Amino acid sequence: MMAPRTTIADLEDLRDELVALRQSLHQRPELAFQEHVTSARVGELLSGWGYEVEAGLAGTGLVATLRAGAGARRLGLRADMDALPITEATGLPYASQTEGRMHACGHDGHMAMLLGAARHLARTRNFSGVLHLIFQPAEERGFDSGAKRMVQEGLFKRFPCDMVLAMHNHPGAPAGQFLTRSGPFMAAGDRVFVKVIGHGGHAARPHLAADPVVAAAAIVMALQTIVSRNIDPSQAAVVSVGRLRAGDALNVIPGTAELGISVRSFNPEVRARLRERIVRICESTAQCHEASVQIDYVEGYPVVDNAEAPTALAIKVARELTGADRVVADMPPLMGSEDFAYMQQAVPGALVRIGNGPADGGRALHNANYDFNDDNLCVGAAFWSRLAETYLQHP
């Protein structure tokens, strides 16, 4: 007879251990595809709990497998491992020990929640089937990322899954609240690098130069018309210029200027239209200013598109665990991007957000003052445990 499914209280005896683990991971952040110490530590813990660990996928990624009973179902749960190139400003006693690197997106917490579930499930074995825990590198890279490489290297051929799920913390929502939606959930994200080429000269003789700064400024302003005038208002899209670099001296007109553009969308036709308009505007506007452009348009992560069955499962489990009032089952789509989308292209999958508490005071994601909320550790671990028990039911 199957034992009762996991509650948050069942994880409380692991709370201090999980907090210490999460804060220790926070102290030792590693950037994309450099997570050697992190991966080794995660693998050592999982091996000690009885998991079969296969390391080396996408360089530093690993998969840990636990089998119980005779069930035929196979479930994948994913956590990301990499940090960001940010110098931490929290002043916490467990702050990053590496200058210029920080877990500013909560991947330390994502790992700790999944490891907490791994620890609990290894001691209870209250399921029947195959559980694959996927610890992925390089989610933050923006292109050619860890999820993409793991899939390309045969992740789901070597470790077949009927469905795969992931969880990401969400500052601005109450701690422990679960948020998700079926269908498109997070946007496709592309990056555009534009070099504007003119010819420089003396700032006092601008008529003898072809000023790339003026051309770049005109491009920035013209780009703002794309979403407002070229995209159907019922469709979501973002074109944001996050970088504009040119020159070093006040009395010198430089020869070049550089733009960096972030492009977000949900619809493939909109995505193609954005690319066409960005390229045309950059080229034609530069030409009007007697300059030219070199454009490197990098297509990034696809849309995170939550499949119906795993999303429904996640909502059901979250409601049972925390109560219906703690679950947002139809969260508005987010314009951020996530490379979990590559895994969803191979296997039906769903991404869930867990509230991290207030985002004020610089506690938003990718901020030097951000910190993962340790109150989520037992909640997240219990969610993963109960989800595995629910999907991998005993016969």
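Residues numbered from 1 in each chain as written. Predicted model: local features only at pLDDT ≥ 70, side-chain atom pairs only at ≥ 80, totals over all residues. Heavy atoms only, no water.

**Thoughts on the UniProt feature "domain: Peptidase M20 dimerisation" (unreviewed entry) in the protein**
Thought 1: In this numbering, the UniProt entry assigns the feature "domain: Peptidase M20 dimerisation" (unreviewed entry) to residues 194-285.
Thought 2: For residues 194-285, helix accounts for 39% and strand for 30%, while the C-alpha atoms at its two ends are 12 Å apart. (UniProt positions renumbered as here; feature names shortened; annotations may be inferred. Helix = DSSP H or I, 4+ residues; strand = E, 2+ residues; numbered from the N terminus.)

**Focus on empty space enclosed by the protein**
Thought 1: Overall, the coordinates contain 1 cavity of 30 Å³ or more when judged by the stated rule.
Thought 2: The calculated volume of the largest cavity comes to roughly 30 Å³.
Thought 3: Surrounding the largest cavity, Phe178, Leu179, Thr180, Ala314, Ile315, Ala318, Val327, Val352 and Phe383 form its lining.
Thought 4: The set of elements that each furnish at least two residues to the lining of the largest cavity consists of strand 6 (178-179) and helix 9 (308-322).
Thought 5: Residue contributions to the lining of the largest cavity peak at 3 residues, all from helix 9.
Thought 6: Considered class by class, the residues forming the lining of the largest cavity number 8 nonpolar, 1 polar and no charged. (1 Å grid on protein atoms, 1.4 Å probe; cavity = no way out; pocket = protein on both sides within 12 Å on 5 of 7 lines; lining within 4 Å. Points joined across faces, edges and corners; volume = space filled by probe spheres on them. Nonpolar A, V, L, I, M, F, W, Y, C, P; charged D, E, K, R; others polar.)

**Some points on the nonpolar core**
Thought 1: Grouped together as the largest cluster of nonpolar side chains are 63 residues, with contacts concentrated most on Leu46, Tyr51, Phe135 and Phe383.
Thought 2: In this structure, Leu46 is in contact with Tyr51, Val53, Leu62, Ala64, Leu115, Ala118, Leu133 and Phe135, ignoring residues within four places of it in sequence. (Core = buried A, V, L, I, M, F, W, Y, C linked by side-chain atoms within 4.5 Å. Buried < 20%, exposed > 50% of the residue type's maximum accessible area, 1.4 Å probe, protein only. Contact = heavy atoms within 4.5 Å.)

**What to know about the state of the cysteines**
Thought 1: This structure, assessed with the given rule, holds 0 disulfides.
Thought 2: Of the cysteine sulfurs around Cys282, a residue in no disulfide, the closest is that of Cys288, at 12 Å.
Thought 3: Here Cys282 falls in the buried class, since its relative accessible area comes to 0%. (Disulfide = S-S within 2.5 Å.)

**Considering helix 9**
Thought 1: Helix length check: helix 9 (15 residues) gives 21 Å between terminal C-alpha atoms against 21 Å at 1.5 Å per residue, within 8%.
Thought 2: Of all the positions in helix 9, only Pro310, Thr311, Leu313, Ala314, Ile315, Val317, Ala318, Leu321 and Thr322 are classed as buried.
Thought 3: Along its buried surface, helix 9 packs onto strand 5 (163-170), strand 6, strand 14 (304-306), strand 15 (327-328), strand 16 (349-355) and helix 11 (376-391).
Thought 4: One or two positions beyond helix 9, positive phi appears at Gly323, with a value near 100°. (Expected span 1.5 Å × (residues − 1).)

**As for helix 2 (residues 36-48)**
Helical periodicity: at 3.6 residues per turn, an α-helix aligns residues three or four positions apart in one direction.
Thought 1: Between its terminal C-alpha atoms helix 2 stretches 18 Å, which fits the 18 Å expected from 13 residues at 1.5 Å a residue.
Thought 2: Listed in full, the buried residues belonging to helix 2 are Thr38, Ser39, Val42, Gly43 and Leu46. The arc that holds the buried residues of helix 2, viewed along the axis, is 125°, so those residues lie on one side. Exposed side chains of helix 2 directed beyond 90 degrees from the buried face belong to His36, Val37, Glu44 and Gly48.
Thought 3: Tucked into the core, helix 2 has its buried residues touching helix 1 (15-27), strand 1 (52-57), strand 2 (61-68), helix 3 (107-124) and strand 4 (129-136).
Thought 4: Of the residues trailing helix 2, Gly50 is marked for its positive phi of about 100°. (Arc of directions from axis to C-beta.)

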